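# Overview (structure and organization)
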Amino acid sequence: MNTGDLKAPAEPVAATTAPRSGQIWTYLLAVTAAAATLGGRLAFAPWFGDRPVLVIFVLPIILSAYVGGLGPGLVATATVGLGTSYFLIPPLHSFAMERSVDTLQWLILVLIGVLISVLTESLHAARRNALANTTARRSLATERKVQAGFGLALTFLVVIGAISVLSVARLREATGWATHTEKVIASLRLLLSTLTDVETAERGFVITGEEIYLGPSDAARRLIDGELAGLRQLTADNRIQQAELDRLEPLITARLALAEQIIIRRRHEGQVPAQTLLAAGEGKELHDRIRALLAKMEATEQGLLRDRENRAQHDNVITRTVIIAGGTLAFVFVAVALFIMNQEFTRRRRVEAALREAQENLEARVRERTAELERTNEALQASEDLFAKAFRLSPDCIAIVRLADRTVLKANEAVCRLWGSTLKEVIGKPTREYTNWVDEDERLAFMRTLHEKGECLNYETTFRLKDGRLGRFNVSSRQLTLQGETCVLSVMSDITERKRAEIAAARLAAIVEYSDDAIIGKDLQSKVTSWNAGAEKTFGYCAEEIIGESITRLIPPERQHEEAEIISRVLRGESVRHLETVRVRKDGSRLDVSVTVSAIKDSRGNITGASKVARDITERKRADEALRDSRARLISTLAAGSIGTWTWDIGNDRLVADEFTSRAFSVDADEAARGLPAAAYLQAVVEEDQAGVSAGLAQAIATCGRYDIEYRVRQKTGPHLWLQARGRVEGDAAGKAVNFHGAVMDITARKVAEAAVRESEEYFRFLNDLALATRALADPARIMAVTARMLGEHLGASRCAYAEVEPDGDGFTILHDYTDGCASTVGQYRLALFGARAVATLGRGETLIIRNVTAELLPGDGAETFKAIGIQAIITCPLVKEGTLRAMMAVHQTTPRDWRPGEITVVQDVVERCWAAIERRTAEAKINQLNAGLEQRVIERTAQLEAANKELEAFSYSVSHDLRTPLRAVDGFSQAVLEDYGTTLPAEGQRYLRTIRESAQRMAELIDDLLLFSRLSRQALQRRPVETAQLVRSALSELHAQRAGREVEISTGTLPACDGDPALLKQVWINLLSNALKYTRRRPRANVEIGAFQRDGADVFFVRDNGTGFDMQYAHKLFGVFQRLHRAEDYEGTGVGLAIVQRIIHRHGGRVWAEATLDGGATFFFTLGLPPV
Amino acid sequence: MNKTDPVKILLVEDNPQDLELALRALQKAKVSNHIEVVRDGAEALEFIFGEGAYAGRKISDGPKVILLDLKLPKVDGLEVLKRIKSDPRTKMIPVVVLTSSKEQRDVVESYQLGVNSYIVKPVNFERFAEAVRDLGFYWLLLNQPPKVVD
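Residues numbered from 1 in each chain as written. Chains lettered and ligands numbered in written order. Predicted model: local features only at pLDDT ≥ 70, side-chain atom pairs only at ≥ 80, totals over all residues. Heavy atoms only, no water.

## Considering the overall build of chain B
Counting its secondary structure elements, chain B contains five helices and five strands. Traced from its N-terminal end to its C-terminal end, chain B shows the element sequence β-α-β-α-β-α-β-α-β-α. Within chain B, the fraction of its 150 residues that count as buried is 52%. Restricting the contact set of chain B to residue pairs at least 6 apart, pairs at least 24 apart contribute 64%. Roughly 7,100 Å² of accessible area belongs to chain B as shown, and the carbon and sulfur atoms make up 50% of that amount. (Helix = DSSP H or I, 4+ residues; strand = E, 2+ residues; numbered from the N terminus. Buried < 20%, exposed > 50% of the residue type's maximum accessible area, 1.4 Å probe, protein only. Contact = heavy atoms within 4.5 Å. Areas by Shrake-Rupley, 256 points an atom, 1.4 Å probe, with all protein chains shown as cover.)

## Description of the environment of Phe446(A)
All names here are of chain A. With respect to the secondary-structure elements, Phe-446 resides in helix α15 (residues 440-453). Considering only alpha carbons, one finds Phe-446 and Leu-457, eleven residues apart in sequence, at a separation of 9.3 Å. Beyond its immediate stretch of four places on either side in the chain, Phe-446 contacts Trp-437, Cys-456, Tyr-459, Val-475 and Ser-477.

## As for the sheet that holds strand β7 (residues 528-531) of chain A
All names here are of chain A. Pairing is antiparallel in the open sheet, where five strands are placed in the order β7-β6-β10-β9-β8. Bordering the open sheet on either side are β7 and β8 (576-584), each of which pairs with just one other strand. Strand-to-strand twist in this sheet, taken as the mean axis angle between neighbours without regard to direction, amounts to 30 degrees. Pairing between β8 and strand β9 (residues 590-601): seven bridges, direction antiparallel. Bridging across to β9, Arg-583 finds its partner in Leu-591. (Pairing = 2+ DSSP bridges. Axes fitted to C-alpha atoms, helices over the stretch in contact; angles between N-to-C directions.)

## Quick notes on the nonpolar core
Side chains of a nonpolar character, in soluble globular proteins, are inclined to be buried together. Residue and element names in this part refer to chain A. Counting residues in each nonpolar core, the largest one holds 41 residues, and the members touching the most others are Trp-1069, Leu-1072, Leu-1073, Ile-1090, Phe-1110, Phe-1164 and Phe-1166. Where this core is concerned, the elements lending two or more residues are α31 (987-1018), α32 (1028-1038), α34 (1062-1079), β25 (1086-1095), β26 (1098-1105), α35 (1137-1147), β27 (1151-1156) and β28 (1162-1167). Considering each element in turn, this core owes the most residues, nine residues, to α34. Aside from chain neighbours lying at most four places away, what touches Phe-1110 is Ala-1115, Leu-1118, Leu-1125, Ala-1154, Ala-1156, Thr-1157, Leu-1158, Ala-1162 and Phe-1164. Grouped together as the second largest cluster of nonpolar side chains are 32 residues, Ile-783, Ala-788, Tyr-818 and Met-889 included. (Core = buried A, V, L, I, M, F, W, Y, C linked by side-chain atoms within 4.5 Å.)

## Some details on the domain arrangement of chain A
Once the domains are mapped, chain A shows domain 1 (17-175), domain 2 (177-314), domain 3 (394-498), domain 4 (515-625), domain 5 (640-746) and domain 6 (1021-1167). Placing a centre on the C-alpha atoms of domain 2 of chain A and another on those of domain 5 of chain A gives a separation of 176 Å. (Domains from an automatic or database assignment.)

## Some remarks on the interface of chain B and chain A
Contacts between chain B and chain A engage 22 residues on the former and 24 residues on the latter. The interface formed by chain B and chain A holds five salt bridges in total. The shortest N-O distance in the salt bridge between Arg968(A) and Asp18(B) comes to 2.6 Å. Along the contact surface separating chain B from chain A lie nine residue pairs in polar contact (both at pLDDT 80 or more). Among the secondary structure elements, those contributing two or more residues to the side of chain B that touches chain A are α1 (16-28), α4 (104-112) and α5 (125-142) of chain B. (Salt bridge = Lys/Arg side-chain N within 4 Å of Asp/Glu carboxyl O. Polar contact = N/O pair within 3.5 Å; in protein donor to acceptor, adjacent residues only side chain to side chain.)

## Thoughts on the confidence of the model for chain B
The share of residues in chain B with pLDDT of 70 or more is 85%, and the mean pLDDT across the chain is 80. Within chain B, the element-level pLDDT minimum falls on α5(B), averaging 74, and the maximum on helix α3 (residues 77-86) of chain B, averaging 91. (pLDDT = per-residue confidence, 0-100.)

## Concerning unusual backbone geometry
Unusually for a residue other than glycine, Arg406(A) sits at a positive phi of about 60 degrees. By the secondary structure assignment, Arg406(A) is in the loop between β1 (397-402) and β2 (407-411).

## Some thoughts on the packing of helix α2 (residues 41-49) of chain B against α3(B)
Any two packed helices are characterised by the angle at which their axes cross and by the distance between the axes. Residues and elements named next belong to chain B. Where α2 meets α3, the closest approach of the two axes is 9 Å, and the angle between their N-to-C directions is 15 degrees. With respect to α3, the axis of α2 lies roughly parallel. Considering the relative orientation of α2 and α3, their crossing is right-handed. Note on element contacts: α3 touches α2 through Val-80, Arg-83 and Ile-84, opposite Gly-41, Ala-44, Leu-45, Ile-48 and Phe-49. In the contact of α2 with α3, the residues fall into six nonpolar, one polar and one charged. (Parallel < 35°, antiparallel > 145°, perpendicular 65-115°, else oblique. Left-handed = near helix turned anticlockwise from the far one by under 90°. Nonpolar A, V, L, I, M, F, W, Y, C, P; charged D, E, K, R; others polar.)

## With respect to the pattern of salt bridges
Residues and elements named next belong to chain A. By the definition in use, this model includes 68 salt bridges over all chains. Notably, a salt bridge pairs Arg-553 with Glu-549, separated by 2.8 Å at the nearest N-O pair. The class for Arg-553 is partly exposed, based on a relative accessible area of 38%. The shortest N-O distance in the salt bridge between Arg-750 and Glu-754 comes to 3.4 Å.

## Focus: the confidence of the model for chain A
Residues and elements named next belong to chain A. Within chain A, residue pLDDT values average 82, and 95% of them lie at 70 or more. Ranking the helices and strands of chain A by mean pLDDT puts β28 first, with 93, and helix α2 (residues 14-17) last, with 40. Counting interchain partners and residues more than four positions distant, the pLDDT-below-50 stretch residues 1-19 has 14 contacts.

## Comments concerning the side chain of Glu903(A)
Residues and elements named next belong to chain A. Summarising the element assignment, Glu-903 is placed in helix α30 (residues 901-981). On the basis of relative accessibility, which here comes to 10%, the residue Glu-903 falls in the buried class. At 2.8 Å, the side chain of Glu-903 and the side chain of Arg-897 are in polar contact. If we ignore the near neighbours within four places in the chain, the residues touching Glu-903 are Leu-795, Arg-897 and Asp-898.

## Examining the sheet that holds strand β14 (residues 721-731) of chain A
Residues and elements named next belong to chain A. Taken in spatial order, the five strands of this open sheet run β12-β11-β15-β14-β13, and their pairing is antiparallel. The sheet terminates laterally at β12 (654-657) and β13 (706-713), the two strands that pair on one side only. Strand after strand, the sheet turns through a mean of 20 degrees between neighbouring axes, direction not considered. Across nine bridges, the pairing between β14 and strand β15 (residues 737-746) is antiparallel. Bridging from a neighbouring strand, Leu-723 pairs with Asp-746 of β15.

## Quick look at α34(A)
All names here are of chain A. Between its first and last C-alpha atoms α34 spans 26 Å; for 18 residues at 1.5 Å apiece the expected length is 26 Å, and the two agree. For α34, a buried count of 15 out of 18 residues is recorded, marking the element as mostly surrounded by other parts of the structure. The backbone nitrogen of Ala-1063 lies 3.1 Å from a side-chain oxygen of the residue at the head of α34, namely Asp-1061. (Expected span 1.5 Å × (residues − 1).)

So, in structure tokens, the structure goes:
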């Protein structure tokens, strides 16, 4: 299938055939056409008269709309509208309009223009769409419908235009008629008034006889003639009016004649005859008739006008109706056409979408099919490759040989290996060159079978390999026809290994078979797969019975879970070794076995089952159990020492106890063995614990429950015994307590240990609290007071007092004491009053301990003194320093108290700590005092140093300025003398002057060096990391001049970065290197070595030269200011350079030293101290 | 010398020996024309600003270069430098400090005040003469100062 056709896009045909709106030239055409029409209309203005004739302007609009569509159509309409309004419609040269007629006509024109534009555009659009869609025949019908709609609408518009032109013409005619009527009426009225004028003149003349009245009369006669002629002309188309005129004319003539006659008579006969004639009334009668006639004519004319106006009105209504109806119909047709178009478009869009979808589906299917084909091809290719590869790489030897001449047609790599030659050598050669058969008879038999049957399969034989070894091979051959020739396909597999494995397996099988242990194979579903004779003997099943059955048959019901565990371990790759368990024989009897299970894996290493070796260990197991029993008995016998048992028959209140119990409760053992009432035992329980014991027993009996309680029992001698008693009540069926079995255990040791721990905890807590309370205290008295209070509280003592002993060792003062419900002992005492024992003990620095004053002290031995201040028991710790008793801490009790060793230790410990704290505080106070003094001294010294520094600075500033000025004068004027008077001086004098100058210059150098040296001690050290190597390079480059013209070899080793003031360190390097260069000056070849090494974790830098060196016995003078080891005339210098070096190094916290031999070179070493943290 | 004659070099030096040596060095360098010598800081200021004994001197005739010692009686050299460099009429005049002091603080302060050159008078007369010659050559011949506007 060619998919290209489907993908070809539809060409936009419409664009080339129908003009699109919006192109510039169509707009230009629109304006040009409109302007040309206007120009033509103006050029031929006389032809058109005063009528605008707007209808001709529809032409350019139609043209523009047809060519360009909506845009140009509207442009043409606008141009025409503006042009006509300005140039044609009165008032001219203005956009205003005078007459409503013109306005109407103009509006119609504009409306028609707009409509034409819209219609034409729709028409174009319809055509474009029709052309664009060539597939649907229906669209042609639709186009015809749309065109018909638009055609009808156009027709209506043309009709409306025509009607409007006609109606305008009518309107114009009606207007003309109105004017005509007005003219006629005006003429009639003028006629009447003129006649009246004639009569007035006639009467005036008759009365006055003055000619002046006759002037207007003559003019009136001429006017009347003119008016009459005009009237005749105006009413020429009206027979009735003509007839009236015919009657009017004689009357007017008669009236004028009468007037003539009266005037003549007055002129000739005088006033009276004329007056008579006038009064005869003939004149009046004529005048009345004329007036009536004229009125009739005016009425006729008015009637005519009304008729015409009515007709025009009627026409107007018709026109308007036609225009409205026509316009509406045109709109309806356009709307219908547009609706149809819209319908068509919607339908078409739907069709197009459906088409597109179908196309996409088709494409997707094509893609799928293509992909499928590709996959198939690939699979085919892969399979071919696989096949070829399989053939080529098969471990079996595969060869195809033409039967006729035994030529090898095809062979794989295995064949080549078997024959020991390459593929190229093998193909096309006869096979006999490569025979491997060892036994020729076998080969012949094989070939015979092949000839006879056409194939010979799985023939096992021995082949001799290329290297001479023998191997077992499985040979299969078959005849087949390839391209019309009979061929033989042979496959030879090396089965040597397999054979060997088979033999090994057979041997293993024999071992398994004859083993006494049960060796069982099973798969992962626990089905038995193999079963040896040992298994048969051990479990009683024969192989046929059990193979294929589940091995769980051998496992007792309560141990069924073991199998799942074994399997899961095997699956994890672990093996189960010597699991001792119980299995069931066929006859149902149990036997103890030791089971070892390991995984059976297939050739790929997957676990497919498990092998299980089970050994009958029933006998061994029995022996083990006997041993365990005897051990348990032994243990219980041993435990009898601290555990006793008892049984209480509650009903008969007979409690039988063993020996331990009877001993613990101080009951006769024999009686106890026979049974005693419970109370006989319980009386030994100490009073405090009796209630608890009774309650515990009662509750256990009431609930038939358990009993567990700890209590103390009195002993005949020695301290109480702590017992833990546990028991259980046995009830009868009714729930009544019957027997009470129990045991008691001696837990005294545990209790004692617990108490000790508790005491020690309390003690440490107390010490901690004490330390916290006294830490912030500095005043020894306060420390003693707090300690006394806390110690007293801790021991629950009546009083705790601290006393300071006077230098005589006898008098002492209690400054402060803690009391609890007894009087304070603050005051002065004499130690001697407390008896010889107190004096002796405390004097030796030992603790005085009295538990009961009355019992321990004789009346003369201080007892009364103790009693006097209410002391029955006391612990007093002394502080002996330098052999003298200094202070004491005493704990008093108003009652005798058996001080426990722990309590005594507490007092001793606390007092010791207290002394230590006071010592420390005192020392601290002293140090603080010293520190304060020291700080003050430091401040003072700093100020002194600053002042000295300032002085020094001022001094060196002054030296810098003033010391050099006279030197300059010495030098300068010496030079001046040499320059100005040198020629007149003797040579000796010149030399003196030069010496003066040299000395002055040397002095200047000394000053400079000294200033530098003194500045070094003032200048602040700016420490920062420094790249030593870079520093050395820079120093060497500054010393370039000193090396010029000499053979100097400078070797620089690795120089670690250091920390120091870069400017000062550079000075160090400059000085050391400058010295090295200076003192090697006399060597034909100077060697200077710069390097660094580590010693004691610090970097040591050195500069070594092969120069003059020096005698080490003067080494101590080397770094002193102005110290020189060489004569000035040998080596110049100020003797300050090394002093500067030393000062800089010392300021860095480092060390500088030198090693040298006289005339054997010198090495200067230096280190830099660590930067301050 | 007429007071309104343009002065090329103003030498401010109090030490008579140094003065003589400096003049000798300038003569040797052949830049000794129109040298005015003042002996202390106050006089130097009067000369430069046309005040006191030098009233009527125009600043525009001022020296083309001032050689200034730092250690001067009455008004200190640094003060003179400060006055010259803080007055817009005189700050364009190149000032060369010629002093015995190698003290770093003098050098730093001089440069902070806008000195154009700082020369330490060497004790060795040849080097002194060389320095004077170099600076005279430089400031009088090579370095054309902008015209000073009153």
